[in-house]
Amino acid sequence: MKKFLILAASSLALTACGGGSEEAPAEESAAPADALTPGQYDVTMEVTSIDTKDEADARTDLEVGSVTNASVCVGDDGALPAAAFAEGDDQCGIESPYARRGTLRQALRCNRDGEAVMLNVNGDFTADSVTATIETETFFQYAGDYAMKRSMTATRTGDCTAEGDDGADG
């Protein structure tokens, strides 16, 4: 019995001191990025839904399932330019920018022939890529208002090029 108590006490002491089985140290994850690395990015967007808000057809050339691509240049500010989110020839500006610790939240206001197109971007990013959802809502004077959702990915491809157009092609 004495041997059993000594053995049990030794086992408890080793366990308490961290003896016994050794565990591998947990890997440290990289800190989230506060900005994108400047350079050229390929941006791909796919329309996942379009809902009309009135009896008329939605005033957009995009359809559910359509995919648009763009090549944009991210400058020293580390932010995707507003044109990366534009639909067609819309002129957009970022009204509420937030991109920190790997989280992207932006509100944009676009102008389409003098009428308002509002966008909300929600996503995540690393130093060289973005994954986001873009929700669009229109406020046209006449019929054709719609709400649209698009999924977006952007990946850094290298340094900015002179050919990079800073805008979307669709």
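Residues numbered from 1 in each chain as written. Predicted model: local features only at pLDDT ≥ 70, side-chain atom pairs only at ≥ 80, totals over all residues. Heavy atoms only, no water.

(A) Molecular detail of the packing of aromatic side chains. On inspection of all chains with the given rule, the structure shows 1 aromatic pair. Plain terms: the ring middles of Phe140 and Tyr146 are 6.4 Å apart, the flat faces sit at 55° to each other, and that makes the pair tilted. Tyr146 carries the same exposure label as Phe140, and that label is buried. For the cation-ring pair, Lys53 lies above Phe139, with the distance from its terminal atom to the ring centre recorded as 4.6 Å. If you follow Arg59 out to its NZ or CZ, it ends over the ring of Phe140, 4.1 Å from the centre. (Phe/Tyr/Trp six-rings, centres within 6.5 Å; stacked < 30°, edge-to-face > 60°. Buried < 20%, exposed > 50% of the residue type's maximum accessible area, 1.4 Å probe, protein only. Lys NZ or Arg CZ within 6 Å of the ring centre and 35° of its normal.)

(B) Structural view of the state of the cysteines. All chains considered together, the criterion is met by 2 disulfides. In this model, Cys73 is linked to Cys160 through a disulfide, with the two sulfur atoms separated by 1.8 Å. Where Cys73 bonds to Cys160 through sulfur, the torsion about that S-S bond is close to 90°, and the disulfide is right-handed. Taken as a pair, Cys73 in strand β2 (residues 67–74) and Cys160 in the loop between β7 (146–158) and β8 (167–168) lie far apart in primary sequence, 87 residues in all. Judged by relative accessible area, which is 24%, Cys73 ranks as partly exposed. Residue classification places Cys160 among the partly exposed positions, given a relative accessible area of 35%. (Disulfide = S-S within 2.5 Å. Helix = DSSP H or I, 4+ residues; strand = E, 2+ residues; numbered from the N terminus.)

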